Amino acid sequence: MKLGSRRRLAVLLGAALPMAAAWAQAYPTQPVRLIVPFGAGGVTDTTARVFAEGLTRELGQPVVVENRGGAGGSIAASAVAKANPDGYTLLVITNGMYAVNPLIYKTLPYDPNKDFAYIAMLANTPTVLAVSADSPHKTLPDLIKAASAQADKIAFSTAGEGSDNYQVLEVLQQATGVKMLHVPYKSGAESLTAVMSGNTDVTAISAVTATGYIQAGQIRPYAVTSSRRLANLPDIPTAKEALGQDVEGGSLSGIAAPAGTPPEVVARLNAAIGAVAGGAMAQDKIYARGSERMDGSQEAFTLRVAQEQKKWAGILGRPGK
């Protein structure tokens, strides 16, 4: 390249940098949609709404939650993957969507490794294995014994394949060698209602959601799917304590944007998410109720995606149904 051409290129690049910075400072100039992959009432939706409220303040524009449930989050993920990469359509994405769905569906309408810019993790929430208050199965070993007696005799409800409670029940079956009947719903709230009404026998409920139902005596908790007991539910044993085997899992949520979203906008969003995560509202409504705050950097999120994909490939070990 000739010297004159290099100089002109340098001038153009130098002019572009202030323009990009100005764009990032101006963003957003209109409402932002935050697409939630499950129905209202579950932990993913609850977490999303807390962050949407906080981001509305941080960004100075309304952040509007839009629920698009179905297919383990694939419907929402596909919609965001195809959206204009301008920062105005965001996705609450869970580990099931980028690590489990590719293993349980032969084809997906999105590619988790190509279609998204991973902005920041929000929370990691273990679940509570629970049955209805009047279930004949008094303990987790009792339930496993009943499931062992006849394949598919015990039914478990989830928010669909790929959801956090699906993951936990899948791990439980593998750890114990039993086979239960899967009954999917569109949301965690619906799968919980199914257990309380007796339509299914067991489910895994987020620790955030479960507390009120446990205190009201509407469900009987068996165990938490974490490595240690939770501070807000200290009387509930871990699955390892109850069963003698490790059954760990839950919902790891974060926010992603379509691939190609300008890095300045991604950085702006990352900073805003970090500010909300560090505030009193997130602490009171999310982290004090059983969820764990995560490293908020983009690098940490990208690394965790790769780690979860490796983990679940080892657990499920199959490239599709």
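Quick notes on the rules
- Residues numbered from 1 in each chain as written.
- Predicted model: local features only at pLDDT ≥ 70, side-chain atom pairs only at ≥ 80, totals over all residues.
- Heavy atoms only, no water.
- Helix = DSSP H or I, 4+ residues; strand = E, 2+ residues; numbered from the N terminus.
- Rg over C-alpha atoms; globule rule 2.2 N^0.38 Å.
- Buried < 20%, exposed > 50% of the residue type's maximum accessible area, 1.4 Å probe, protein only.
- Areas by Shrake-Rupley, 256 points an atom, 1.4 Å probe, with all protein chains shown as cover.
- Lys, Arg positive; Asp, Glu negative; His and termini not counted.
- Charge placed at Lys NZ, Arg CZ, Asp CG, Glu CD.
- Pairing = 2+ DSSP bridges.
- Right-handed = clockwise from strand over helix to strand, strands pointing away.
- Polar contact = N/O pair within 3.5 Å; in protein donor to acceptor, adjacent residues only side chain to side chain.
- Contact = heavy atoms within 4.5 Å.
- pLDDT = per-residue confidence, 0-100.
- Salt bridge = Lys/Arg side-chain N within 4 Å of Asp/Glu carboxyl O.
- Core = buried A, V, L, I, M, F, W, Y, C linked by side-chain atoms within 4.5 Å.

Student: Help me out: how do you make sense of the overall build of the protein chain in this one?
Tutor: Across its full length, the protein chain carries twelve helices and ten strands. Its C-alpha atoms give the protein chain a radius of gyration of 21 Å, within 12% of the compact-globule value 20 Å for 321 residues. Overall size of the protein chain, expressed as C-alpha extent along the three principal axes, is 80 × 40 × 30 Å. Each of the 321 residues in the protein chain was classed as buried or not, and the buried ones make up 52%. Counting every atom, the protein chain has about 14000 Å² of accessible surface; 54% of that belongs to carbon and sulfur. Here the protein chain holds 29 positive side-chain charges and 25 negative ones, and the gap between their average locations is 7 Å.

Student: I keep staring at the pairing of strand S2 (residues 63-67) and nothing clicks. Help me out?
Tutor: Consecutive side chains along a regular strand alternate between the two faces of the sheet. In this structure, strand S1 (residues 32-36) lies alongside S2, joined through five bridges in parallel fashion. Bridge assignment links Val32 to a residue of S2, and that residue is Val63. Handedness of the S1-helix H2 (residues 43-59)-S2 crossover: right-handed.

Student: Quick question: what am I supposed to make of the side chain of Ser163 here?
Tutor: Looking at the secondary structure, you find Ser163 in the loop between strand S5 (155-158) and helix H6 (164-176). Separated by 2.8 Å, the side chains of Ser163 and Asn165 make a polar contact. Every residue in contact with Ser163, bar those within four places of it in the chain, is listed here: Phe38 and Thr158.

Student: Would you mind going over the confidence of the model for the protein chain with me for this structure?
Tutor: Parts of the prediction with low pLDDT should not have their coordinates interpreted in detail. Per-residue pLDDT for the protein chain averages 90, and the proportion of residues at 70 or more is 91%. With pLDDT under 50 throughout, residues 16-20 is counted as low confidence; its partners more than four residues away or in other chains account for one contact.

Student: Can you help me understand the pattern of salt bridges in this one?
Tutor: Working definition: two side chains of opposite charge can pair if their charged atoms are close together. Applying the stated rule across the entire model yields seven salt bridges. The partner of Arg57 in a salt bridge is Glu53, and the shortest N-O contact between them spans 4.0 Å. Taken as a pair, Arg57 and Glu53 lie in helix H2 at a separation of four residues, close to a single helical turn. According to the relative accessible area criterion, Arg57 is exposed, its value standing at 56%.

Student: What am I meant to see in the side chain of Thr89 here?
Tutor: Residue placement: Thr89 occurs in strand S3 (residues 89-94). Separated by 3.3 Å, the side chains of Thr89 and Arg33 make a polar contact. Those residues in contact with Thr89, other than ones at most four positions away along the chain, are Arg33, Ile35, Val80, Ala83, Ala257 and Pro258.

Student: Any chance you could explain the nonpolar core here in plain terms?
Tutor: One recurring pattern in soluble globular proteins: nonpolar side chains tend to sit buried together. Among the nonpolar cores identified, the biggest contains 48 residues, and Leu91, Ile93, Phe116 and Met180 are the most heavily contacted of them. In contact with Leu91, not counting residues within four places along its chain, are Leu34, Ile35, Ala76, Ala77, Val80, Met97, Phe116, Gly254, Ile255 and Ala256. Counting residues in each nonpolar core, the second largest holds 33 residues, with Ala117, Ile119, Ala123 and Ile273 among its members.

Student: Where do I start with the environment of Phe116 in this structure?
Tutor: Tracing the backbone through its elements, the reader meets Phe116 in strand S4 (residues 116-132). Residue Phe116 is classed as buried on the basis of its relative accessible area, which comes to 8%. Considering only alpha carbons, one finds Phe116 and Gly260, 144 residues apart in sequence, at a separation of 7.9 Å. Sequence-distant contacts of Phe116, defined by excluding residues within four places in its chain, comprise Ala77, Val80, Ala81, Leu91, Ile93, Tyr110, Asp111, Ala256, Ala257, Pro258 and Ala259.

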